[in-house]
Each structure stands twice: as C-alpha cells, then as structure tokens.
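Commentary on secondary and tertiary structure
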Amino acid sequence: AQTVTQSQPEMSVQEAETVTLSCTYDTSESNYYLFWYKQPPSRQMILVIRQEAYKQQNATENRFSVNFQKAAKSFSLKISDSQLGDTAMYFCAFMNTGFQKLVFGTGTRLLVSP
Amino acid sequence: SQTIHQWPATLVQPVGSPLSLECTVEGTSNPNLYWYRQAAGRGLQLLFYSVGIGQISSEVPQNLSASRPQDRQFILSSKKLLLSDSGFYLCAWSAGTVSYEQYFGPGTRLTVT
C-alpha cells in the first residue's frame, strides 16, 4: 500500500521569507500523481499544486513550486515570499493513475508571522 | 463553474442516533464523488467513492454507509452513531477520466456526544 510521510509537524516563517515543506512517499508504481493541499482555519481543502510522475519538470504555481525527486520518492513544496494568508495546514497527497484515491500525509502546520 | 455544497456545516448528535450528511455538486455531470473523514490532528481518510448513480465502493469497514441517489448527490449515513464517528467529513468531486484533480467541499463537523 502507498504511504505518505510528512516529517515536519510544524514550521514557522516570517513574512516575505521562503519555506520548504518536506514529503516522502512509498510506492511500487511508476506512474502516479502527487499533490499539495492547503487547509486554512476554515478547514476547506484547497488544491495548491500538482505533479505528474512522468513529467521531469517541476510544477510551479505562482509563489508555490515543488522539488520532485522520483528516484528518492521525495516531493517537497517551496513557498516563496510567504504571506500571512499562507498560514494553514499543508497536506501532501498521492494518487495512483488507475484508481483515483488520494492518500494523505499527516500534514505540516505552517505559521507565517509578521 | 463547478461548486460543491455540504450540509449541515456542523452537527452534534448523541450516541446511537442516526446520521445523514449530504453533498451536492453543481456545474458538472457524471462526476466521481468521494467521502473523506479527518480525525482531529490527522490527515484525511477515504471512506467511500462513487463513479456513478448507485455505484458505491467502501474503503474502510465501519458503521457508515453511502448512497448516490442522483448524479450529483452523495449522501453519508449511519443508523447508529458511535463516539468514534466524531470528526470532520469532507466531500470531494473529480471529473472522472477527464481530470484526476479532486476538489473539496466546505466540510461538516460532526460531534457525537
């Protein structure tokens, strides 16, 4: 079974700084998808960024980018120019291509301070 | 554009009482639908998913059940709630084979007392 591990329960960063959240996963599949979701205090899950395993190029969405290392099974999220609104829980998630089931990590709580 | 609704937003129920949570999606047809549960301080766990009307697959055996009476309606039910059923329940949809991205509703906070 696939597993997703987020080893940083909490992180803090100051406004305008850059922070990187770590995620590792375990799978025997060669093709799959990886996601980062944000859960603000409202608790609604918001899709931040996605990566297809067959793509070597790292995904980027505005201030959010990933470092996808397929051989190492690592998928970290970098947030540049952090903003107060980035304060939230961040979840890394894995999905097989054949079955649309998301497997989530336990999350990293990010606090952005002024 | 597509929107997903869940109600109620919060619910407090005694042990042994029934449960019905509803999820509806607008702006799309034949979506894949999902029910997830988030226990306090933890990630999400898939409970049920559906690829069409009347088609339900269960991921975790428990005293919960799901039904899909209409294309864009997904219901989570229980005949008798347990204390361990407390949590945050999230419904999600995806466009099936068109897109693998899942989009979540606002969630229902359930407290079983």
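Everything that follows concerns the structure shown earlier in this document.
Nothing here was measured: the structure is a model prediction, and the numbers come from that model.

Residues and elements named next belong to chain B. An order of E1-E3-E8-E7 is seen for the four strands of this open sheet, with the pairing classed as antiparallel. The sheet is open, and its two borders are formed by strand E1 (3-7) and strand E7 (64-70), each paired with just one other strand. Sheet twist, expressed as the average angle between the axes of neighbouring strands with direction ignored, equals 20°. Relative to strand E3 (residues 19-26), E1 runs antiparallel, the two sharing five bridges. Within E3, the residue paired with His-5 across the bridge is Thr-24.

With that settled, consider the environment of Tyr-34 of chain B. Mapping Tyr-34 of chain B onto the fold places it in strand E4 (residues 32-38). What makes Tyr-34 of chain B buried here is its relative accessible area of 1%. Tyr-34 of chain B sits 16 residues away from Ser-50 of chain B along the chain, and the two C-alpha atoms are 6.5 Å apart. The residues touching Tyr-34 of chain B, leaving out its near neighbours within four places in the chain, are Gln-100 of chain A together with Leu-46, Phe-48, Tyr-49, Phe-74, Leu-90, Cys-91, Ala-92, Trp-93, Ser-94 and Gln-102 of chain B.

Moving on to the state of the cysteines. All names here are of chain A. Applying the stated criterion across every chain, the model contains two disulfides over all chains. Between the sulfur of Cys-23 and that of Cys-92 lies a disulfide, 2.0 Å long from S to S. Every disulfide takes its handedness from the sign of the S-S torsion; for Cys-23 and Cys-92 that torsion is -70°, giving left-handed. Of this pair, Cys-23 sits in the loop between strand E3 (19-21) and strand E4 (24-26) while Cys-92 sits in strand E10 (residues 88-96), placing them 69 residues apart in sequence.

Cut-offs applied
- Residues numbered from 1 in each chain as written.
- Chains lettered and ligands numbered in written order.
- Predicted model: local features only at pLDDT ≥ 70, side-chain atom pairs only at ≥ 80, totals over all residues.
- Heavy atoms only, no water.
- Pairing = 2+ DSSP bridges.
- Helix = DSSP H or I, 4+ residues; strand = E, 2+ residues; numbered from the N terminus.
- Axes fitted to C-alpha atoms, helices over the stretch in contact; angles between N-to-C directions.
- Buried < 20%, exposed > 50% of the residue type's maximum accessible area, 1.4 Å probe, protein only.
- Contact = heavy atoms within 4.5 Å.
- Disulfide = S-S within 2.5 Å.

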